Amino acid sequence: MFARTDEVKVLRDPVHGYIHVDYEVVWKCINSKWMQRLRRIRQLGGAFIVYHTADHTRFSHSLGVYEIVRRMVNEVPDLKNALNEREKVTVMLAALMHDIGHGPYSHAFESILRDSHEAYTCWIIEQDPEIRGILEEAAPGLSKDVADVIRHASHNPILPQLVSAQLDADRMDYLLRDAYFTGTKYGEFDMERILRVLRVADDKVVVKESGVYAVENYIMARYHMYWQVYYHPTARAYENMLRKLFLRLRDLNKEGKCPETIPEFNAVIRKRRLTLQEYYMLDEYSCTYAFEVLSRGSDPVAADLASRLLDRRLFEYMDASSENVRRIRSLLKKEGYDPRYYLGKDDVAQSPYIPYTGENGSPVWVRMHDGEIQELGQASNIVWSLVHGPRHNDDRIFFPKEILG
(Lines give C-alpha, C1' and ligand atoms only; values in the text may rest on other atoms or scores of the structure.)
Protein backbone atom coordinates (compact mmCIF):
# COMPACT_ATOMS: atom_id res chain seq x y z
CA MET A 1 0.00 0.00 0.00
CA PHE A 2 1.43 3.38 -1.03
CA ALA A 3 1.10 6.36 1.29
CA ARG A 4 -1.46 8.96 0.24
CA THR A 5 -1.24 12.71 0.63
CA ASP A 6 -3.33 14.31 3.37
CA GLU A 7 -5.54 15.77 0.65
CA VAL A 8 -5.60 15.64 -3.12
CA LYS A 9 -3.08 18.15 -4.45
CA VAL A 10 -4.20 20.05 -7.54
CA LEU A 11 -2.17 22.12 -9.97
CA ARG A 12 -3.95 24.32 -12.48
CA ASP A 13 -3.17 23.49 -16.09
CA PRO A 14 -4.37 25.21 -19.29
CA VAL A 15 -4.70 21.90 -21.15
CA HIS A 16 -6.16 19.52 -18.57
CA GLY A 17 -7.80 21.95 -16.16
CA TYR A 18 -6.20 20.38 -13.10
CA ILE A 19 -3.34 17.99 -12.42
CA HIS A 20 -4.36 15.71 -9.53
CA VAL A 21 -1.84 14.19 -7.10
CA ASP A 22 -2.84 11.93 -4.22
CA TYR A 23 0.25 9.73 -3.73
CA GLU A 24 3.11 10.94 -1.52
CA VAL A 25 5.75 9.37 -3.78
CA VAL A 26 4.43 11.30 -6.80
CA TRP A 27 4.31 14.57 -4.86
CA LYS A 28 7.88 14.11 -3.61
CA CYS A 29 9.14 13.37 -7.11
CA ILE A 30 7.44 16.49 -8.49
CA ASN A 31 9.27 18.55 -5.87
CA SER A 32 12.65 16.91 -6.47
CA LYS A 33 15.49 18.99 -7.91
CA TRP A 34 15.56 16.95 -11.13
CA MET A 35 11.89 17.56 -11.86
CA GLN A 36 12.27 21.25 -10.98
CA ARG A 37 15.21 21.43 -13.40
CA LEU A 38 12.71 20.75 -16.21
CA ARG A 39 11.25 24.22 -15.56
CA ARG A 40 14.49 25.50 -17.09
CA ILE A 41 14.15 23.50 -20.31
CA ARG A 42 11.65 24.50 -22.99
CA GLN A 43 9.47 21.84 -24.53
CA LEU A 44 9.92 22.76 -28.18
CA GLY A 45 13.64 23.11 -28.82
CA GLY A 46 14.18 25.67 -31.57
CA ALA A 47 10.48 26.18 -32.29
CA PHE A 48 10.23 28.80 -29.54
CA ILE A 49 12.19 31.07 -31.86
CA VAL A 50 9.29 30.89 -34.36
CA TYR A 51 6.23 30.86 -32.07
CA HIS A 52 6.75 33.61 -29.54
CA THR A 53 4.33 32.17 -26.96
CA ALA A 54 5.87 28.68 -27.05
CA ASP A 55 7.84 29.10 -23.84
CA HIS A 56 6.20 26.15 -22.09
CA THR A 57 8.55 23.71 -20.46
CA ARG A 58 9.34 20.02 -20.12
CA PHE A 59 8.05 20.37 -16.55
CA SER A 60 4.51 21.29 -17.58
CA HIS A 61 4.52 18.61 -20.29
CA SER A 62 5.67 15.97 -17.81
CA LEU A 63 2.84 16.88 -15.46
CA GLY A 64 0.41 16.62 -18.36
CA VAL A 65 1.61 13.14 -19.35
CA TYR A 66 1.30 12.05 -15.73
CA GLU A 67 -2.27 13.37 -15.57
CA ILE A 68 -3.35 11.52 -18.72
CA VAL A 69 -1.88 8.25 -17.41
CA ARG A 70 -3.48 8.86 -14.01
CA ARG A 71 -6.82 9.18 -15.76
CA MET A 72 -6.18 6.11 -17.88
CA VAL A 73 -5.50 3.79 -14.93
CA ASN A 74 -8.34 5.20 -12.86
CA GLU A 75 -11.06 5.98 -15.41
CA VAL A 76 -10.64 3.38 -18.17
CA PRO A 77 -12.40 0.30 -16.70
CA ASP A 78 -10.23 -2.30 -18.46
CA LEU A 79 -7.01 -0.64 -17.28
CA LYS A 80 -8.34 -0.02 -13.79
CA ASN A 81 -9.19 -3.71 -13.42
CA ALA A 82 -6.10 -5.09 -15.19
CA LEU A 83 -3.50 -3.29 -13.06
CA ASN A 84 -2.75 -3.57 -9.35
CA GLU A 85 -1.86 -0.56 -7.22
CA ARG A 86 1.89 -0.98 -7.61
CA GLU A 87 1.60 -1.15 -11.39
CA LYS A 88 -0.62 1.95 -11.44
CA VAL A 89 1.81 3.93 -9.29
CA THR A 90 4.76 2.65 -11.33
CA VAL A 91 3.32 3.75 -14.66
CA MET A 92 2.20 7.12 -13.25
CA LEU A 93 5.75 7.74 -12.04
CA ALA A 94 7.18 6.65 -15.39
CA ALA A 95 4.84 9.11 -17.10
CA LEU A 96 5.86 11.90 -14.73
CA MET A 97 9.59 11.30 -15.14
CA HIS A 98 9.80 10.05 -18.73
CA ASP A 99 11.58 13.28 -19.76
CA ILE A 100 13.61 13.86 -16.60
CA GLY A 101 16.79 13.18 -18.57
CA HIS A 102 16.18 15.76 -21.27
CA GLY A 103 18.93 18.21 -22.02
CA PRO A 104 18.53 21.81 -23.16
CA TYR A 105 16.86 22.64 -26.48
CA SER A 106 14.94 19.38 -26.58
CA HIS A 107 16.15 16.80 -29.11
CA ALA A 108 18.60 19.21 -30.77
CA PHE A 109 21.10 18.74 -27.96
CA GLU A 110 20.95 14.95 -28.15
CA SER A 111 22.81 15.00 -31.47
CA ILE A 112 25.53 17.07 -29.77
CA LEU A 113 25.76 14.93 -26.62
CA ARG A 114 25.36 11.67 -28.58
CA ASP A 115 23.44 10.14 -25.69
CA SER A 116 19.67 9.75 -25.72
CA HIS A 117 17.54 11.46 -23.12
CA GLU A 118 16.03 8.05 -22.33
CA ALA A 119 19.49 6.79 -21.29
CA TYR A 120 19.98 9.77 -18.99
CA THR A 121 16.42 9.36 -17.68
CA CYS A 122 17.00 5.77 -16.57
CA TRP A 123 20.40 6.71 -15.14
CA ILE A 124 18.84 9.47 -13.02
CA ILE A 125 15.93 7.32 -11.82
CA GLU A 126 18.16 4.41 -10.82
CA GLN A 127 21.30 6.24 -9.64
CA ASP A 128 20.49 9.74 -8.40
CA PRO A 129 20.38 9.61 -4.59
CA GLU A 130 17.33 11.87 -4.27
CA ILE A 131 15.11 10.26 -6.93
CA ARG A 132 16.17 6.71 -6.14
CA GLY A 133 15.76 7.40 -2.42
CA ILE A 134 12.19 8.67 -2.87
CA LEU A 135 11.22 5.65 -4.96
CA GLU A 136 12.91 3.00 -2.81
CA GLU A 137 11.44 4.50 0.36
CA ALA A 138 7.98 4.12 -1.17
CA ALA A 139 8.58 0.50 -2.25
CA PRO A 140 11.74 -1.58 -2.63
CA GLY A 141 12.63 -2.11 -6.30
CA LEU A 142 10.39 0.73 -7.47
CA SER A 143 13.22 2.66 -9.16
CA LYS A 144 14.02 -0.30 -11.43
CA ASP A 145 10.33 -0.88 -12.14
CA VAL A 146 9.89 2.74 -13.24
CA ALA A 147 13.03 2.70 -15.39
CA ASP A 148 11.94 -0.59 -16.94
CA VAL A 149 8.72 1.03 -18.17
CA ILE A 150 10.75 3.76 -19.89
CA ARG A 151 13.20 1.29 -21.46
CA HIS A 152 10.34 -0.97 -22.61
CA ALA A 153 11.44 -3.82 -20.37
CA SER A 154 8.56 -3.88 -17.90
CA HIS A 155 7.25 -7.20 -16.62
CA ASN A 156 3.79 -6.00 -17.65
CA PRO A 157 3.70 -5.15 -21.39
CA ILE A 158 0.68 -2.90 -20.88
CA LEU A 159 2.62 -0.28 -18.90
CA PRO A 160 5.05 0.95 -21.61
CA GLN A 161 2.17 1.21 -24.09
CA LEU A 162 0.55 3.90 -21.92
CA VAL A 163 3.70 6.07 -21.88
CA SER A 164 5.46 5.40 -25.19
CA ALA A 165 3.68 3.91 -28.20
CA GLN A 166 1.90 5.20 -31.30
CA LEU A 167 -1.12 6.20 -29.21
CA ASP A 168 0.21 7.19 -25.81
CA ALA A 169 -0.05 9.80 -23.10
CA ASP A 170 3.23 11.44 -24.15
CA ARG A 171 2.06 12.19 -27.68
CA MET A 172 -1.45 13.12 -26.58
CA ASP A 173 -0.16 15.73 -24.15
CA TYR A 174 2.50 17.27 -26.34
CA LEU A 175 0.15 17.62 -29.31
CA LEU A 176 -2.52 19.38 -27.27
CA ARG A 177 -0.01 21.42 -25.25
CA ASP A 178 2.11 22.47 -28.21
CA ALA A 179 -0.98 23.37 -30.22
CA TYR A 180 -2.22 25.52 -27.32
CA PHE A 181 1.04 27.39 -26.78
CA THR A 182 1.84 27.88 -30.47
CA GLY A 183 -1.75 28.83 -31.35
CA THR A 184 -1.90 26.17 -34.07
CA LYS A 185 -5.43 24.78 -33.96
CA TYR A 186 -4.75 21.86 -36.30
CA GLY A 187 -2.85 20.12 -33.48
CA GLU A 188 -6.06 19.58 -31.55
CA PHE A 189 -7.96 16.28 -31.38
CA ASP A 190 -10.65 14.64 -29.24
CA MET A 191 -8.70 13.11 -26.37
CA GLU A 192 -11.82 12.52 -24.30
CA ARG A 193 -13.26 10.29 -27.00
CA ILE A 194 -10.03 8.32 -27.26
CA LEU A 195 -9.97 7.71 -23.51
CA ARG A 196 -13.57 6.48 -23.67
CA VAL A 197 -12.81 3.85 -26.32
CA LEU A 198 -9.62 2.40 -24.80
CA ARG A 199 -9.75 -1.28 -23.93
CA VAL A 200 -7.32 -4.09 -23.01
CA ALA A 201 -7.11 -7.32 -25.04
CA ASP A 202 -4.31 -9.93 -25.07
CA ASP A 203 -1.91 -7.63 -23.15
CA LYS A 204 -2.51 -4.91 -25.74
CA VAL A 205 -4.05 -1.49 -25.25
CA VAL A 206 -6.64 -1.32 -28.03
CA VAL A 207 -9.38 1.03 -29.21
CA LYS A 208 -12.89 0.03 -30.11
CA GLU A 209 -13.73 0.12 -33.80
CA SER A 210 -16.18 2.94 -33.10
CA GLY A 211 -13.23 5.08 -31.93
CA VAL A 212 -11.24 4.81 -35.16
CA TYR A 213 -12.44 8.24 -36.33
CA ALA A 214 -11.07 9.92 -33.21
CA VAL A 215 -7.74 8.13 -33.70
CA GLU A 216 -7.61 9.20 -37.36
CA ASN A 217 -8.08 12.79 -36.19
CA TYR A 218 -5.21 12.32 -33.72
CA ILE A 219 -2.95 10.90 -36.47
CA MET A 220 -3.66 13.85 -38.75
CA ALA A 221 -3.11 16.33 -35.90
CA ARG A 222 0.29 14.80 -35.33
CA TYR A 223 1.14 14.94 -39.04
CA HIS A 224 0.26 18.62 -39.31
CA MET A 225 2.09 19.56 -36.11
CA TYR A 226 5.30 17.96 -37.36
CA TRP A 227 5.35 19.92 -40.58
CA GLN A 228 3.98 23.21 -39.26
CA VAL A 229 5.77 23.32 -35.88
CA TYR A 230 8.37 20.64 -35.14
CA TYR A 231 9.97 20.70 -38.60
CA HIS A 232 9.50 24.40 -39.25
CA PRO A 233 12.58 25.44 -41.27
CA THR A 234 13.27 28.48 -39.08
CA ALA A 235 13.34 26.25 -35.98
CA ARG A 236 15.65 23.89 -37.84
CA ALA A 237 17.90 26.83 -38.74
CA TYR A 238 18.28 27.66 -35.05
CA GLU A 239 19.12 24.06 -34.16
CA ASN A 240 21.54 23.84 -37.10
CA MET A 241 23.39 26.89 -35.84
CA LEU A 242 23.54 25.35 -32.37
CA ARG A 243 25.25 22.28 -33.78
CA LYS A 244 27.64 24.43 -35.83
CA LEU A 245 28.67 26.33 -32.71
CA PHE A 246 29.65 23.13 -30.93
CA LEU A 247 31.44 21.92 -34.05
CA ARG A 248 33.55 25.09 -33.91
CA LEU A 249 34.20 24.67 -30.18
CA ARG A 250 35.31 21.08 -30.67
CA ASP A 251 37.62 22.09 -33.51
CA LEU A 252 39.13 24.80 -31.31
CA ASN A 253 39.60 22.25 -28.54
CA LYS A 254 41.59 20.02 -30.88
CA GLU A 255 43.86 23.00 -31.55
CA GLY A 256 44.23 23.72 -27.84
CA LYS A 257 42.41 27.03 -28.21
CA CYS A 258 38.96 26.29 -26.77
CA PRO A 259 37.54 29.42 -25.08
CA GLU A 260 36.37 29.26 -21.47
CA THR A 261 32.60 29.32 -20.99
CA ILE A 262 30.96 27.18 -18.33
CA PRO A 263 32.40 23.95 -16.87
CA GLU A 264 29.54 21.83 -18.22
CA PHE A 265 30.44 22.80 -21.79
CA ASN A 266 33.94 21.41 -21.34
CA ALA A 267 32.66 17.85 -21.05
CA VAL A 268 30.34 18.33 -24.04
CA ILE A 269 33.13 19.80 -26.16
CA ARG A 270 35.45 16.93 -25.26
CA LYS A 271 32.70 14.40 -26.04
CA ARG A 272 32.93 13.01 -22.53
CA ARG A 273 29.78 11.69 -20.89
CA LEU A 274 28.67 14.18 -18.30
CA THR A 275 28.37 13.21 -14.66
CA LEU A 276 24.90 13.49 -13.15
CA GLN A 277 25.87 16.73 -11.41
CA GLU A 278 27.25 18.21 -14.65
CA TYR A 279 24.12 17.17 -16.49
CA TYR A 280 21.91 18.67 -13.79
CA MET A 281 23.68 22.01 -14.22
CA LEU A 282 23.26 21.94 -18.01
CA ASP A 283 19.97 23.69 -18.76
CA GLU A 284 18.87 26.49 -21.07
CA TYR A 285 19.66 29.14 -18.47
CA SER A 286 23.30 28.04 -18.22
CA CYS A 287 23.54 27.65 -22.02
CA THR A 288 22.27 31.19 -22.57
CA TYR A 289 24.92 32.49 -20.19
CA ALA A 290 27.58 30.45 -22.00
CA PHE A 291 26.48 31.87 -25.36
CA GLU A 292 26.73 35.38 -23.94
CA VAL A 293 30.29 34.70 -22.76
CA LEU A 294 31.22 33.23 -26.14
CA SER A 295 29.73 36.22 -27.98
CA ARG A 296 32.36 38.39 -26.27
CA GLY A 297 35.19 35.92 -26.81
CA SER A 298 38.27 36.15 -29.00
CA ASP A 299 37.34 33.54 -31.59
CA PRO A 300 35.41 35.35 -34.35
CA VAL A 301 33.46 32.31 -35.58
CA ALA A 302 32.31 31.14 -32.14
CA ALA A 303 31.50 34.73 -31.16
CA ASP A 304 29.47 35.27 -34.31
CA LEU A 305 27.49 32.03 -34.02
CA ALA A 306 26.79 32.60 -30.33
CA SER A 307 25.60 36.16 -30.90
CA ARG A 308 23.37 34.99 -33.75
CA LEU A 309 21.70 32.51 -31.40
CA LEU A 310 21.22 35.17 -28.73
CA ASP A 311 19.94 37.89 -31.05
CA ARG A 312 17.90 35.74 -33.43
CA ARG A 313 20.02 36.52 -36.47
CA LEU A 314 19.22 33.18 -37.99
CA PHE A 315 20.54 31.46 -41.07
CA GLU A 316 18.51 31.63 -44.28
CA TYR A 317 17.37 28.40 -45.86
CA MET A 318 16.53 26.99 -49.28
CA ASP A 319 16.02 23.63 -50.96
CA ALA A 320 19.08 21.39 -50.80
CA SER A 321 19.44 20.88 -54.55
CA SER A 322 22.94 20.24 -55.90
CA GLU A 323 22.79 23.54 -57.77
CA ASN A 324 21.87 25.48 -54.63
CA VAL A 325 24.60 23.80 -52.58
CA ARG A 326 27.26 24.69 -55.17
CA ARG A 327 26.05 28.28 -55.50
CA ILE A 328 25.86 28.93 -51.75
CA ARG A 329 29.24 27.28 -51.09
CA SER A 330 30.81 29.54 -53.74
CA LEU A 331 29.18 32.66 -52.26
CA LEU A 332 30.33 31.75 -48.75
CA LYS A 333 33.93 31.38 -49.85
CA LYS A 334 33.75 34.63 -51.82
CA GLU A 335 32.47 36.50 -48.74
CA GLY A 336 35.04 34.93 -46.40
CA TYR A 337 32.77 32.47 -44.53
CA ASP A 338 34.06 28.97 -43.79
CA PRO A 339 31.44 26.55 -45.17
CA ARG A 340 32.30 24.07 -42.42
CA TYR A 341 30.59 26.39 -39.92
CA TYR A 342 28.31 28.45 -42.14
CA LEU A 343 26.75 25.88 -44.46
CA GLY A 344 24.43 23.36 -42.87
CA LYS A 345 22.27 20.64 -44.35
CA ASP A 346 19.21 19.07 -42.82
CA ASP A 347 17.25 16.14 -44.24
CA VAL A 348 13.91 15.38 -42.62
CA ALA A 349 11.12 12.99 -43.51
CA GLN A 350 8.02 12.16 -41.54
CA SER A 351 5.33 9.53 -41.67
CA PRO A 352 2.29 10.38 -39.55
CA TYR A 353 1.90 6.76 -38.50
CA ILE A 354 4.36 3.86 -38.53
CA PRO A 355 2.90 0.42 -37.76
CA TYR A 356 6.06 -0.60 -35.91
CA THR A 357 6.60 -3.06 -33.12
CA GLY A 358 9.58 -3.80 -30.94
CA GLU A 359 11.43 -2.17 -28.09
CA ASN A 360 10.50 1.40 -29.06
CA GLY A 361 6.76 0.98 -28.88
CA SER A 362 3.82 -0.68 -30.53
CA PRO A 363 1.28 0.13 -33.24
CA VAL A 364 -2.30 1.16 -32.58
CA TRP A 365 -4.53 -1.87 -32.22
CA VAL A 366 -8.24 -1.82 -33.02
CA ARG A 367 -10.82 -4.26 -31.67
CA MET A 368 -13.33 -4.79 -34.44
CA HIS A 369 -17.03 -5.40 -33.80
CA ASP A 370 -16.52 -9.15 -34.32
CA GLY A 371 -13.75 -9.23 -31.70
CA GLU A 372 -10.84 -9.48 -34.14
CA ILE A 373 -7.78 -7.36 -33.25
CA GLN A 374 -6.40 -5.44 -36.23
CA GLU A 375 -3.55 -3.00 -36.62
CA LEU A 376 -4.84 0.54 -37.32
CA GLY A 377 -3.58 0.57 -40.91
CA GLN A 378 -5.84 -2.38 -41.64
CA ALA A 379 -8.85 -0.94 -39.83
CA SER A 380 -8.68 2.56 -41.32
CA ASN A 381 -8.62 3.38 -45.02
CA ILE A 382 -7.27 6.85 -44.23
CA VAL A 383 -4.35 5.52 -42.19
CA TRP A 384 -3.67 2.79 -44.77
CA SER A 385 -3.34 5.52 -47.41
CA LEU A 386 -0.96 7.49 -45.21
CA VAL A 387 1.23 4.46 -44.51
CA HIS A 388 1.42 3.36 -48.13
CA GLY A 389 1.54 6.79 -49.71
CA PRO A 390 4.71 8.73 -50.55
CA ARG A 391 6.84 9.98 -47.68
CA HIS A 392 7.07 13.72 -47.25
CA ASN A 393 10.69 14.88 -47.39
CA ASP A 394 12.00 18.37 -46.79
CA ASP A 395 15.74 18.72 -47.40
CA ARG A 396 17.18 22.17 -46.71
CA ILE A 397 20.49 23.97 -46.57
CA PHE A 398 21.16 26.80 -44.09
CA PHE A 399 23.55 29.73 -44.45
CA PRO A 400 23.94 33.43 -43.51
CA LYS A 401 21.38 35.42 -45.44
CA GLU A 402 23.73 38.39 -45.91
CA ILE A 403 25.72 36.53 -48.58
CA LEU A 404 22.74 36.86 -50.91
CA GLY A 405 23.20 40.62 -51.01
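Residues numbered from 1 in each chain as written. Predicted model: local features only at pLDDT ≥ 70, side-chain atom pairs only at ≥ 80, totals over all residues. Heavy atoms only, no water.

A.B. asks: It is not clear to me how the pattern of salt bridges should be interpreted in this structure. Could you clarify?
C.D. replies: Between side chains of opposite charge, pairing is possible as soon as their charged atoms come close. Inspection of every chain in the model, using the stated rule, returns 30 salt bridges. Arg236 is the salt-bridge partner of Asp394, the closest N and O atoms lying 2.7 Å from each other. Of the two residues, Asp394 is situated in strand β9 (residues 392-399) and Arg236 in helix α14 (residues 233-254); the sequence distance between them amounts to 158 residues. For Arg236, a relative accessible area of 2% translates into the label buried. The closest approach of N and O atoms between Arg308 and Glu402, which form a salt bridge, is 2.4 Å. Here Glu402 lies in the segment after β9 and Arg308 lies in helix α18 (residues 300-311), a separation of 94 residues in the sequence. (Salt bridge = Lys/Arg side-chain N within 4 Å of Asp/Glu carboxyl O. Helix = DSSP H or I, 4+ residues; strand = E, 2+ residues; numbered from the N terminus. Buried < 20%, exposed > 50% of the residue type's maximum accessible area, 1.4 Å probe, protein only.)

A.B. asks: I'm lost on the pairing of strand β3 (residues 198-201) in this one. Help?
C.D. replies: Examined bridge by bridge, β3 and strand β4 (residues 204-208) share four bridges and lie antiparallel to one another. Within the sheet, the bridge partner assigned to Arg199 lies in β4 and is Val206. Turn length for the β3-β4 hairpin, with the two strands adjacent in sequence and antiparallel, is two residues, and the turn residue Asp202 shows positive phi of about 55°. (Pairing = 2+ DSSP bridges.)

A.B. asks: Looking at this model, I keep getting lost on the pairing of strand β2 (residues 17-23). Mind explaining?
C.D. replies: For a regular strand, side-chain orientation follows a simple rule: the groups alternate between the two sheet faces. Bridge count for strand β1 (residues 4-13) against β2 is six bridges, and the pairing is antiparallel. From the neighbouring strand, Leu11 faces β2, where its bridge partner is Ile19. Two successive antiparallel strands, β1 and β2, enclose a turn made up of three residues.

A.B. asks: Explanation requested: the packing of aromatic side chains in the structure shown.
C.D. replies: To describe a pair of aromatic rings, one takes the distance between the centres and the angle between the planes. Per the stated rule, a full pass over the model turns up 19 aromatic pairs. Where Phe48 meets Tyr238, the ring centres are 5.5 Å apart and the plane angle is 80°; that geometry is what we call edge-to-face. Here Tyr238 lies in helix α14 and Phe48 lies in the loop between α2 (33-37) and α3 (58-75), a separation of 190 residues in the sequence. Note on Phe48: relative accessible area 15%, which makes it buried. Relative accessible area serves as the criterion here: at 4%, Tyr238 is assigned to the buried category. For the ring pair Tyr180 and Phe181, a centre distance of 4.9 Å and an interplane angle of 80° mean the geometry is edge-to-face. Here the aromatic residues Phe48, Tyr105, Phe109, Tyr238, Phe246, Phe265 and Phe291 are joined through ring pairs into a cluster of three or more. Sitting over the face of the ring of Trp123, Arg273 holds its NZ or CZ atom 4.2 Å from the ring centroid. (Phe/Tyr/Trp six-rings, centres within 6.5 Å; stacked < 30°, edge-to-face > 60°. Lys NZ or Arg CZ within 6 Å of the ring centre and 35° of its normal.)

A.B. asks: Sorry if this is basic, but what is going on with a nonpolar patch on the surface here?
C.D. replies: On the surface, a cluster of nonpolar side chains totalling about 250 Å² of accessible area is made up of Val8, Val10 and Tyr18. Residue placement: Val8 occurs in strand β1. (Patch = residues over 30% accessible without salt bridge, like charges linked within 9 Å, V, L, I, M, F, W, Y side chains within 5 Å. Areas by Shrake-Rupley, 256 points an atom, 1.4 Å probe, with all protein chains shown as cover.)

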